[in-house]
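# Reading the structure
So the chains spell out like this:
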Amino acid sequence: MKFHRRLALCAAALVPFAAFAQAPAYPSKPVRIIVGFPAGTGPDIVARLLAQKLSEGWGNLGVIVDNKPGAAGLIAASEAARAAPDGYTLMLGETGQLSIAPSSYNKLPYDPAKDFVPVSQVVTADFILLVNPQKVPAKNVKEYVDWTRQQKGLFMATFGAGTPGHFGAFMFGDAIGIKPEPVHYKSTGDAMSGIFSGDVSGVFASAGLAAPNVKSGKLVALASTGGQRTAALPEVPTFKEQGYANLEFNSWFGIVAPSKTPPEVVAKLNADIVRAMRSPDGQKKMEDAGFRVTGTTQQEFAGVIAADTAKWGKAVVATGFKAD
């Protein structure tokens, strides 16, 4: 009898270890990446390229890009924040959702600092100031400024209120001494239509979006906002090169997970994302699309979010803008 009792106790003690040993390795089922912007936009392009590389590294396990556009990415962020913290629902977050929104909204439906854990910044994207050569006779920033002073105002398209391009327009206006009139469009396509029709005179677009329009001759690139020229359009000088040293800003995209996602899952995700983005194929595809690969550590990405929250917060306060 004593022998059987001891045997039962030993078996019971081994149950947790057996269960742990049998737990499937992450990931064992398809992973969903929520994107707060429509198909064909910069965030969507980055998410799909990343999804492809992660899927390959995970034995062609499905990685689904789920577009949830609207409210400058807030709808997607709200859903991602409420998702189960198991690593199977992630979000490709961007500057506006994670670093600008806390200053531009009095009441956010999520808290970037509390509801998400940073996994890895994936890429950064410089902005390109674009104009329609059929409507604006300018080949550089000086010519654009001179032309603008002769007009009734500086009307600039944005891809939504509270986005980096919105505040970039204010930073540009402040640099040239002209208050801009931002025209907020619901989608990238609508904003580009505004440029082609002449309803607005300029727009800050990501290098990836700008490159095909510039190379086809449909639009003219006047300057880039990066610290150095972008590989997508190496012939386009920076604002700094043209005498505007303070006009340096960019956007970034990175993966975040719901808070309380297990640390070992976050660490696994970080390692796999960095490996995918720094592979020759992954890096080339991102650069060809107009992005600069970063692939940071978790801590580095957290630092970027915090620093940009402070930087963009000052820009928001300076404009007096509130989205709600």
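This section reports on the structure supplied with the text. (Residues numbered from 1 in each chain as written. Predicted model: local features only at pLDDT ≥ 70, side-chain atom pairs only at ≥ 80, totals over all residues. Heavy atoms only, no water.)

## Some remarks on the overall build of the protein
The number of helices and strands found in the protein is twelve helices and ten strands. Referenced to the eigenvectors of the C-alpha coordinate spread, the extents of the protein come out at roughly 100 × 40 × 30 Å. Put simply, the protein has 324 residues, and 51% of those count as buried. Counting contacts in the protein only where the partners sit at least 6 residues apart, residues at least 24 apart contribute 78% of the total. Summed over its atoms, the accessible surface of the protein is roughly 15,100 Å², and 57% of this surface lies on carbon and sulfur atoms. (Helix = DSSP H or I, 4+ residues; strand = E, 2+ residues; numbered from the N terminus. Buried < 20%, exposed > 50% of the residue type's maximum accessible area, 1.4 Å probe, protein only. Contact = heavy atoms within 4.5 Å. Areas by Shrake-Rupley, 256 points an atom, 1.4 Å probe, with all protein chains shown as cover.)

## Some words on helix H9 (residues 207-215)
Residues of H9 that are buried include every one of Ala207, Gly208, Ala210, Ala211, Asn213 and Val214, and no others. Buried residues along H9 sit against strand E4 (116-131), helix H8 (188-197), strand E7 (202-206) and strand E8 (220-224). Once H9 ends, the next one or two residues include Gly217, with phi positive near 85°.

## Comments concerning the packing of aromatic side chains
Applying the stated criterion to the full structure yields 15 aromatic pairs. Ring geometry for Phe167 against Phe321: centres 5.6 Å apart, planes inclined by 75°, an arrangement best described as edge-to-face. In this pair, Phe167 sits in helix H7 (residues 164-176) while Phe321 sits in the segment after helix H12 (298-319), placing the two residues 154 residues apart along the sequence. Residue classification places Phe321 among the buried positions, given a relative accessible area of 17%. A centroid spacing of 5.6 Å and a plane angle of 70° characterise the contact between Phe204 and Phe249, whose relative ring orientation is edge-to-face. (Phe/Tyr/Trp six-rings, centres within 6.5 Å; stacked < 30°, edge-to-face > 60°.)

## A word on the nonpolar core
Ranked by size, the top nonpolar core spans 34 residues in total, and within it Leu92, Val122, Ile255 and Met286 carry the most contacts. Elements with a minimum of two residues in this core: strand E1 (31-35), helix H2 (42-57), strand E2 (63-67), strand E3 (89-94), E4, strand E9 (250-258) and helix H10 (263-278). Counting residues in hydrophobic clusters, the runner-up holds 29 residues, among them Ala138, Phe204, Phe249 and Phe321. (Core = buried A, V, L, I, M, F, W, Y, C linked by side-chain atoms within 4.5 Å.)

## Overview of the pairing of E9
Along E9, eight of the nine residues are buried, which leaves the element largely enclosed by surrounding structure. The sheet contact formed by E3 and E9 spans four bridges and is antiparallel. By the bridge assignment for E9, Glu94 is matched with Phe253. Summarising the sheet, E4 and E9 pair through nine bridges and their orientation is antiparallel. Within E9, the position partnered with Val117 by the bridge is Ala257. (Pairing = 2+ DSSP bridges.)

## Thoughts on the packing of H2 against H10
Viewed as axis vectors pointing N to C, H2 and H10 meet at an angle of 110°, and their least axial separation amounts to 9 Å. Taken together, H2 and H10 sit at an angle that is classed as roughly perpendicular. Contacts between H2 and H10 involve Leu50, Lys53 and Leu54 from the former and Asp272, Ile273, Ala276 and Met277 from the latter. Of the residues in the contact of H2 with H10, the class split is five nonpolar, no polar and two charged. (Axes fitted to C-alpha atoms, helices over the stretch in contact; angles between N-to-C directions. Parallel < 35°, antiparallel > 145°, perpendicular 65-115°, else oblique. Nonpolar A, V, L, I, M, F, W, Y, C, P; charged D, E, K, R; others polar.)

## Comments concerning the pattern of salt bridges
Scanning the model with the defined rule gives 14 salt bridges in all. In this structure, Lys268 and Asp272 form a salt bridge, with 3.1 Å as the shortest nitrogen-oxygen distance. One end of the pair, Lys268, and the other, Asp272, are both in helix H10, four residues apart, so they sit about a helical turn from each other. Residue class for Lys268 comes out partly exposed when judged on its relative accessible area of 32%. Residues joined by salt bridges that share partners form a network here, namely Arg32, Asp66, Lys68 and Glu79. (Salt bridge = Lys/Arg side-chain N within 4 Å of Asp/Glu carboxyl O.)

## With respect to unusual backbone geometry
For the bond from Tyr26 to Pro27, the omega torsion is -5°, close enough to zero to count as cis. With respect to the secondary-structure elements, Pro27 resides in the loop between helix H1 (2-22) and E1. Unlike most non-glycine residues, Asn60 shows phi in positive territory, near 65°. Within the element layout of this structure, Asn60 appears in the loop between H2 and E2. For Asn60, a relative accessible area of 60% translates into the label exposed. Backbone geometry at Ala71 places phi at a positive 55°, although glycine is not the residue there.

## Some thoughts on the pairing of E4
The buried fraction of E4 amounts to 15 of the 16 residues, a majority that puts the element mostly inside the structure. Two elements, E4 and strand E10 (residues 292-293), share two bridges in a ladder whose sense is antiparallel. Residue Thr124 lies in a different strand from E10, and its bridge partner there is Arg292. As defined by bridge partners, E4 adjoins E8 across four bridges and the pair is classed as antiparallel. Residue Leu130 lies in a different strand from E8, and its bridge partner there is Ala221.

## What to know about the side chain of Thr158
Of note, Thr158 is situated in strand E5 (residues 154-158). With relative accessibility at 1%, the residue Thr158 sits in the buried group. A polar contact of 3.1 Å, which involves the side chain of Thr158, links it to the backbone nitrogen of Gly160. If near-sequence neighbours (up to four positions away) are discounted, Thr158 is found in contact with Thr163, His166, Pro182, Val183, His184, Tyr185 and Ala191. (Polar contact = N/O pair within 3.5 Å; in protein donor to acceptor, adjacent residues only side chain to side chain.)

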